[in-house]
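Descriptive structure summary
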Amino acid sequence: MRTVHTNPLFPLQSATPRRLTSFLILHSQCSLAFTFSFPQFNAPNSDTFKHTEFLSLPLMRFSLTLSKTPFLAPIMASGSVSGSASLVWFRKGLRIHDNPALEYASKGSKSVYPVFVIDPHYMEPDPNAFSPGSTLAGLNRIRFLLESLVDLDLSLKKLGSRLLILKGEPSEVVIRCLKEWDIKKLCFEYDTEPYYQALDKKVKDYASTAGVEVFSPVSHTLFNPVDIIQKNGGRPAMSYQSFLKLAGQPSWASSPLSMSISSLPPIADVGSCEITEVPTVEELGYRDYEQDELMPFRGGESEALKRLRESISNKEWVANFEKPKGDPSAYAKPATTVLSPYLKFGCLSSRYFYQCLINVYKDVKKHTSPPVSLVGQLLWRDFFYTVAFGTPNFDRMKGNRICKQIPWNNDDELLAAWREARTGYPWIDAIMVQLRKWGWMHHLARHCVACFLTRGDLFVHWEKGRDVFERLLIDSDWAINNGNWMWLSCSSFFYQYNRIYSPVSFGKKYDPNGNYIRHFLPVLKDMPKQYIYEPWTAPLSVQTQAKCIIGRDYPKPWLVISLWSPSMVSHDSASKECKRKLGEAYALNQKLNGQVSEDDLKNLRRKLEENKEQESGSRRQKQKL
DNA sequence: AGATGGTTGCCGTA
DNA sequence: TACGGCAACCATCT
């Protein structure tokens, strides 16, 4: 196919019938009607489209007629096509406000291509996964992401642009776009996650050989993790308090953030790249999934800002916010802002949120402080981002210098019971149902189930629980999720392994009637309140009355607990055993100064087994006596 | 080396 | 509602 140079009024550096067609189709949602023909191919009027009103433009090598449409105005005004094209690569940062990458691209570019690449591994159905969704993400988060993309696309359209959706391995797709569209500036938000570090390296390497300018600002967090690590002599702070000291006030805190963009340069020719609209979940291949309760949080920047306004409009609430005092059983009206999923995808700028909170604090007499305040929550986020960025193998136990080496078990049956909400502890199971249905639970509820799976009861490896959260949470965030799993399993940051959440009394003190359990575990909805946290203690007559026979309609807890140790029959005995194991593991870590090898762990496992046999042996003897 | 404090445990007591 | 005991961890600061 021959390349044809276009009229300077038309923002195509080179045009072929195919490219022109894709450009016109691309803009057809502007209710554009047009005709054009390619006389040089000796096929006049062969590609004639329906037209309404004509504006004839004499072209150098072919003739083209276009209708007068709004989208033409910026194209006509943009003048010469010799100016540069920029590509904005959206990954997180799915917003217009406080978006330095978008802002930079919009200035001094003749055209801007806003791109989102759909990675099939992240989006397309995986029939082997344990829940509806892809290999990497549950359907709730995929839906949340798609909603965020639709919202971003709408906002971009209001600015005279749109979101270009492409499919494939992201670095390959972006590099192809850079070539195809002759991009001079590539702009995307800097990302500290290892996945993006590796991905971005590929793209940056290509850009530097091709002479493409790369602009990659830090705008996902309050601070640049690199700065904080440097301030601390190259190692991230391991405690929140020392992090606070290092971080201080963010440099941008008192200057206004760029909250809007008046207009964007147009998208030019998209060439042979296949562009689509934001797909629906059905278009991605999700068809026969059950949807008994719709997850109540909708994705997108507009929703994020609405939610933010609602949260900060109650100044007293903001000023008095104390995270540990929130009620984890409140589901109809959650005790927190539920802005975490919006922060995760960057629908909401953490810096804007921070400024809003500081402004509320200025208007009230007194307010709470980190770590428990709302600002404190944003700082926790930065704390985990910083330590995660500065710690190799942060998402693993092995080779992770901040992680205690502990002989966790890898029992898939125990894991499955926990994951599928059949531990027999209603408080734990209800939380796991909320995770699956909503993709969101209160922070303290997450603590309860994470503690139960790891150091509290089942002694399953924290990485297994991490994987389940990573998949199912709509706000799952690599740094924060891994950090919190290490925290809860007493592998790092927090070490007081005697403090174990009770799967019975913790929930009861917030919700004595068990409304939360009744809502997420309807099988127990008629269980009297005095039994609802421990239904196996209910007399059979009560179970019959409640139409819930324990062991038939809802599991007995000791069946699960005894899976990993036949002598374990209750939370009491399981948690005692966990404490004993952790005590031994801690002693080994201390003795070997953290340099615990796989053999050392194997030996410790053997030793713990021997002890257990001796103990249960002596217990049997005592019972006989 | 010793002191201090640590986002959010549980239970019993007053 | 607020405490002390439980048993005793760690990172950080002095």
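Structure report, in brief. Per chain, residue numbering runs from 1 following the sequence as it is written. A letter from A marks each chain and a number from 1 marks each ligand, given out in the order of writing. Residue-level local features of this predicted model are given only where pLDDT is at least 70; pairs of side-chain atoms are given and counted only at 80 or more, and the full residue set underlies all totals for whole chains, interfaces and linings. Only heavy atoms go into the side-chain values, all of them from the structure, while hydrogens and water stay out.

1. Re the packing of aromatic side chains
Side-chain rings of Phe, Tyr and Trp, where Trp is taken by its six-membered ring, are said to pair if the distance between their centres is within 6.5 Å; with planes under 30 degrees apart they count as stacked, over 60 as edge-to-face, and otherwise as tilted. Taken as a whole and judged by the stated rule, the model has 40 aromatic pairs. Three or more aromatic residues link up through ring pairs in this structure, and these residues are Phe 223, Tyr 240, Phe 243, Trp 380, Phe 383, Phe 384, Trp 487, Phe 493 and Phe 494. Sitting above the plane of the Phe 345 ring, Lys 344 keeps its charged end 5.0 Å from the centroid. By the criterion adopted, a ring carries a charge over it if an Arg CZ or a Lys NZ lies within 6 Å of its centre and within 35 degrees of its normal.

2. Here we look at the protein's contact with DNA strand B
Taken together, 19 residues form the shell around DNA strand B, and within it Pro 324, His 443, His 447, Ser 502 and Lys 509 come nearest. Counted as a polar contact is a pair of N or O atoms within 3.5 Å, where, for protein atoms, one must be capable of donating a hydrogen and the other of accepting one, and residues adjacent in sequence contribute only when both atoms are in side chains. Pro 371 is positioned such that a nitrogen or oxygen atom in its backbone is 3.4 Å from a base oxygen of DNA strand B. Here Trp 380 contributes a side-chain N or O atom positioned 3.4 Å from a base nitrogen of DNA strand B. When contributions to the surface near DNA strand B are tallied by element, the ones reaching two or more residues are helix 9 (240-247), helix 14 (374-389), helix 17 (443-456) and helix 20 (505-510). Residue classes follow a fixed rule: Ala, Val, Leu, Ile, Met, Phe, Trp, Tyr, Cys and Pro count as nonpolar, while Asp, Glu, Lys and Arg count as charged, and any other residue, Gly among them, counts as polar. Broken down by class, the residue content of the surface near DNA strand B amounts to 9 nonpolar, 7 polar and 3 charged. We define proximity as follows: a residue is near a molecule or strand when any one of its heavy atoms falls within 4 Å of that partner. A helix here means a DSSP run of H or I that spans at least four residues, while a strand means a run of E at least two residues long, and both kinds are numbered starting from the N terminus.

3. Observations regarding the protein's contact with DNA strand C
Inspection of the region around DNA strand C gives Ala 237, Met 238, Ser 239, Ser 242, Lys 404, Tyr 495, Gln 496, Tyr 586 and Gln 590 as its neighbouring residues. Of everything in DNA strand C that lies within 4 Å of the protein, sugar and phosphate atoms constitute 89%. Between Met 238 and DNA strand C, the recorded distance is 2.9 Å, taken from a backbone N or O atom to a phosphate oxygen. Contacts to DNA strand C include Ser 242, whose side-chain N or O atom sits 3.5 Å from a phosphate oxygen. Considering only residue class, the surface near DNA strand C consists of 4 nonpolar, 4 polar and 1 charged.

Function-wise, these values are silent; they only describe arrangement.
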